[in-house]
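Architecture at a glance
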Amino acid sequence: PDQISDFLSAKNNDTLYVTNFFATWCGPCMREIPHFQEKMEELKNQPVKWTFVSLDKRTDWSTEVKTFAEEKGLTENIILLDGAALGADFFSKNFKNWDGSGIPFTFMRKGDKTDEYMSMMTKEQLDQKIASFGINAENSAVSGENKKSK
């Protein structure tokens, strides 16, 4: 938990950190992952760091979580966190609104600006939240090519 707290803390740089807390047994979590994957590809040349924190039981790490990560191509983006090791102070120390009572939960930080969203995010909501940090596809080469073809 302390390492995750350090990871979530403000960084003095221009990067947007998008951290999604999920579990493989969570239906809404699994339904929103494709939106994140699409956005990851769309913004691959932007200063955005994507992390998915699995709250699956430790016994599922080498089975369900490993299979999910490999199938989705997210092996490099997943952090395993033993939810049973989290005390209430973990949530109050790191988040304004989330008390750990439900997932999916997405935390975004760029410098001192943060955004917290508890529930499944639609593609449009994800787009809006990322754009609110000044990051959008219009800055990327892929989108620029798409605009020219319209």
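Below, the structure is looked at part by part. Every residue gets a number counted from 1 within its own chain, in the order that chain's sequence is written. Local features in a predicted model are, by the rule used here, given only for residues with pLDDT of at least 70; side-chain atom pairs are given and counted only at 80 or more, and totals for whole chains, interfaces and linings are based on all residues. Only hydrogens and water are set aside when side-chain values are computed; all heavy atoms of the structure are taken into account.

Some points on the packing of helix α2 (residues 27-42) against helix α5 (residues 123-131)
The angle between the axes and the distance between the axes are what describe a pair of packed helices. Angular values range over 0 to 180 degrees, each being the angle between N-to-C directions of two axes fitted as lines to C-alpha atoms, with helices fitted over their stretch in contact. Where helices and strands are cited, they refer to DSSP runs of H or I of at least four residues and of E of at least two residues respectively, numbered from the N terminus. Taken N-terminus to C-terminus, the directions of α2 and α5 make an angle of 45°; their axes are 9 Å apart at the nearest point. In terms of axis orientation, α2 runs oblique to α5. Where α2 crosses over α5, the handedness of that crossing is right-handed. Residue-level contacts link His35, Phe36, Glu38 and Lys39 of α2 to Lys123, Leu126, Asp127 and Ile130 of α5. Taken together, the residues of the contact of α2 with α5 sort by class into 3 nonpolar, 1 polar and 4 charged. To sort the angles, those under 35 degrees are grouped as roughly parallel, those over 145 as roughly antiparallel, those from 65 to 115 as roughly perpendicular, and the leftovers as oblique. If you view the pair so one helix is near and one far, a crossing is left-handed when the near helix is turned anticlockwise from the far one by less than a right angle, and right-handed when it is turned clockwise. Residues count as neighbours in contact if any of their non-hydrogen atoms are within 4.5 Å of one another. The classification used treats Ala, Val, Leu, Ile, Met, Phe, Trp, Tyr, Cys and Pro as nonpolar, Asp, Glu, Lys and Arg as charged, and all other residues, Gly among them, as polar.

With respect to the sheet that holds strand β5 (residues 113-118)
Should DSSP find at least two bridges between two strands, the strands are taken to pair. Spatial ordering of the open sheet is given by β3-β2-β1-β4-β5, a layout of 5 strands whose pairing is mixed. Of all strands in the sheet, those with a lone pairing partner are β3 (78-80) and β5, marking the two edges. With strand direction ignored, the average angle separating the axes of adjacent strands in the sheet is 20°. Relative to strand β4 (residues 105-110), strand β1 (residues 16-22) runs antiparallel, the two sharing 5 bridges. Of the residues in β4, the one forming a bridge with Val18 is Met108. Against the sheet, helix α3 (residues 61-72) makes contact with β1, β2 (48-54) and β3, and its axis sits at roughly 170° relative to β3, the strand it touches most.

Observations concerning the pairing of β4
Exposure classes here rest on a 1.4 Å probe applied to the protein chains alone. A residue is buried below 20% of its type maximum, exposed above 50%, and partly exposed in between. In terms of burial, β4 is largely enclosed, as 5 of its 6 residues are buried. The sheet contact formed by β4 and β5 spans 6 bridges and is antiparallel. Counted as the bridge partner of Lys110 is Lys113 from β5. Taking the residues between adjacent antiparallel strands as the criterion, β4 and β5 are bridged by 2 residues, where Gly111 takes a positive phi near 65°.

Looking at unusual backbone geometry
Residue Ile103 is joined to Pro104 through a cis peptide bond whose omega torsion reads 5°. For Pro104, the position within the fold is in the loop between α4 (88-94) and β4. Residue Ser119 is not a glycine yet carries a positive backbone phi of 140°. For Ser119, a relative accessible area of 37% corresponds to the partly exposed category.

As for the state of the cysteines
Counting rule for disulfides: a pair of cysteine sulfur atoms within 2.5 Å. Tallied over the entire structure, the rule returns 1 disulfide. Linked covalently through their sulfurs, Cys26 and Cys29 form a disulfide whose S-S length is 2.3 Å. Its S-S torsion of approximately 75° makes the covalent link between Cys26 and Cys29 right-handed. Both residues of the pair, Cys26 and Cys29, count as buried.

Structural notes on the packing of aromatic side chains
For this analysis, a ring pair means two rings from Phe, Tyr or Trp (six-membered ring only for Trp) whose centres lie within 6.5 Å, classed as stacked if their planes differ by under 30 degrees, edge-to-face if by over 60, and tilted for the remaining angles. Throughout the structure, instances matching the rule amount to 13 aromatic pairs. When the ring of Phe95 is compared with that of Phe105, the centres are 5.1 Å apart and the planes differ by 80°; the resulting orientation is edge-to-face. On the criterion of sequence distance, the pair formed by Phe95 in the loop between α4 and β4 and Phe105 in strand β4 is long-range, its members being 10 residues apart. Phe105 carries the same exposure label as Phe95, and that label is buried. Among the aromatic residues, those joined into a cluster by ring pairs are Phe21, Phe90, Phe91, Phe95, Trp98, Phe105 and Phe107. Two conditions define a charge located above a ring, namely a distance within 6 Å from the ring centre to NZ of Lys or CZ of Arg, and an angle within 35 degrees of the ring normal. In this structure, Lys113 is placed above the aromatic ring of Phe133, and the distance from its NZ or CZ to the ring centre is 4.7 Å.

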